[in-house]
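# Understanding the architecture of this molecule
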Amino acid sequence: MRLVLMLICSLFALSPLAHTAAAAQVFPTSAGPVTITPLNHASTLIEAGGKTIYLDPAKPVNFSGKPKADLILITDIHGDHMDPDSIKEISKAETEILAPPAVVQTVTTAKPIGNGDSKAWQGWTFEAVPAYNLKRGPAAGKLFHDKGRGNGYILVYGGKRFYFSGDTEGVPEMRALKNIDVAFICMNLPYTMPPEEAADAVRAFHPKVVIPYHYRGSDLTVFQKGLEGTGIEVRLLDWYPK
């Protein structure tokens, strides 16, 4: 029986998602380590230098027992990115919030940061980059994400550049990114893009490491295969814990 259990564990450890399922990722920088933990879908916990940052905190994440936020970054107005209840739950008196102007209309305590803006904070620099649809929308002539409304973010700390795409297709601004160390890339239909398009965009800006997120329903093996032979490290994490 013990041998059978060991074999089962070995097989599980070799599966693409098993060794990184919901695992915190630690990235060394010149200012100390950055720890990035998947929470659910787009919701992400980022920790460095004794500070706690949340990206798009939203249901169904259970924030009970998790650290309060020093900073919250929000990418767009939809409920899987902007959730006032979750924001309230993780906030303390001195929590700061950065968000696109469209979000500030609802989350009125947030400070606006729009496409092309950058802000310095506690050793970090945050650069807001465009996130939008090129062709996909709910009806002819309409897009799920209009250009100029939502943000992706480049987070810079200790010389390392971390990119979170937000809700977007493989837009020219993504393809033109430079010197990205770690990229978190969305892929889910019908709202953003399929895995093969995501892989094509990633090939264009060639980060050192790429991690799919916001991928509900997508076949990550298609994304992974699309980057074979590029030298880009693909890490598959479980963003949908049971």
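Presented here is a report on the structure given in the accompanying data block. Only a predicted model underlies this, so the values are computations on that prediction, with no experimental measurement involved. (Residues numbered from 1 in each chain as written. Predicted model: local features only at pLDDT ≥ 70, side-chain atom pairs only at ≥ 80, totals over all residues. Heavy atoms only, no water.)

### A look at the overall build of the protein
Applied cut-off: Under the DSSP-based scheme used, a helix requires at least four consecutive residues in state H or I and a strand at least two consecutive residues in state E, with every element numbered from the N terminus. The atom set for the radius of gyration is the C-alpha atoms, and the globule formula is 2.2 Å times the number of residues raised to the power 0.38. Whether two residues are in contact is decided by their heavy atoms: any pair within 4.5 Å suffices. The convention is simple: Lys and Arg are positive, Asp and Glu are negative, and His and the chain ends are not counted. To locate a charge, the coordinates of NZ of Lys, CZ of Arg, CG of Asp or CD of Glu are taken.
Within the protein, the secondary structure is distributed over six helices and 14 strands. For the protein, the C-alpha radius of gyration of 18 Å lies close to 18 Å, the compact-globule estimate for 242 residues. Projected onto its principal axes, the C-alpha positions of the protein cover 60 × 45 × 35 Å. Of the contacts formed within the protein by residues at least 6 apart in sequence, a portion of 55% connects residues at least 24 apart. Computed over 24 positive and 24 negative side-chain charges, the inter-centroid distance for the protein is 2 Å.

### Quick word on the pairing of strand 11 (residues 160-164)
Here is the rule we go by: Pairs of strands are assigned from DSSP output, requiring at least two bridges between the strands.
Examined bridge by bridge, strand 10 (residues 150-157) and strand 11 share five bridges and lie antiparallel to one another. Each residue of the ladder has a partner; that of Leu155, found in strand 11, is Phe162. Taken together, the three bridges between strand 11 and strand 12 (residues 182-185) define a ladder with parallel strand orientation. If you follow Phe162 over to strand 12, its bridge partner there is Val182.

### Concerning the sheet that holds strand 11
Spelled out, the test is: Lines fitted to C-alpha atoms define the axes, with helix axes restricted to the stretch in contact, and inter-axis angles between N-to-C directions lie between 0 and 180 degrees.
With mixed pairing, the seven strands of this open sheet are ordered in space as 8-9-10-11-12-13-14. Two strands lie at the open edges of the sheet, namely strand 8 (118-121) and strand 14 (233-234), each paired on one side alone. One ladder, built from eight bridges, connects strand 9 (residues 124-131) with strand 10; its direction is antiparallel. By the bridge assignment, Ala131 is partnered in strand 10 with Gly150. Strands in contact with helix 5 (residues 195-205) are strand 11, strand 12 and strand 13 (209-212); relative to strand 12, the strand with the most contacts, it is inclined by about 160°.

### Description of the nonpolar core
Defined as follows: Definition of nonpolar core: a set of buried residues of the types Ala, Val, Leu, Ile, Met, Phe, Trp, Tyr and Cys, connected through side-chain atoms within 4.5 Å. Buried residues are those whose accessible area, probed at 1.4 Å on protein chains only, stays under 20% of the maximum for their type, while exposed residues exceed 50% and partly exposed ones sit between those limits.
By size, the foremost hydrophobic cluster in this structure holds 56 residues, and its most contacted members are Trp124, Tyr163 and Ile185. Excluding residues within four positions of it along the chain, Trp124 makes contact with Val34, Ile46, Ala48, Ile53, Lys119, Leu155, Val156, Tyr157 and Phe162. The next biggest cluster of nonpolar side chains, apart from the first, holds 17 residues, and it includes Leu39, Leu45, Tyr54 and Ile87.

### Observations concerning the side chain of Asn188
Counted only if it meets this: Whenever two N or O atoms come within 3.5 Å, that pair is a polar contact, provided that in protein one can donate a hydrogen and the other can accept it, and provided that, for residues adjacent in sequence, both atoms are side-chain atoms.
Checked against the element boundaries, Asn188 lands in the loop between strand 12 and helix 5. Overall, Asn188 belongs to the buried group, its relative accessible area being 6%. Within the structure, Asn188 has its side chain in polar contact with the side chain of Thr192 (distance 2.8 Å). Within the structure, the side chain of Asn188 is placed 3.1 Å from the side chain of His214, a separation counted as a polar contact.

Structural measurements only, silent on function.
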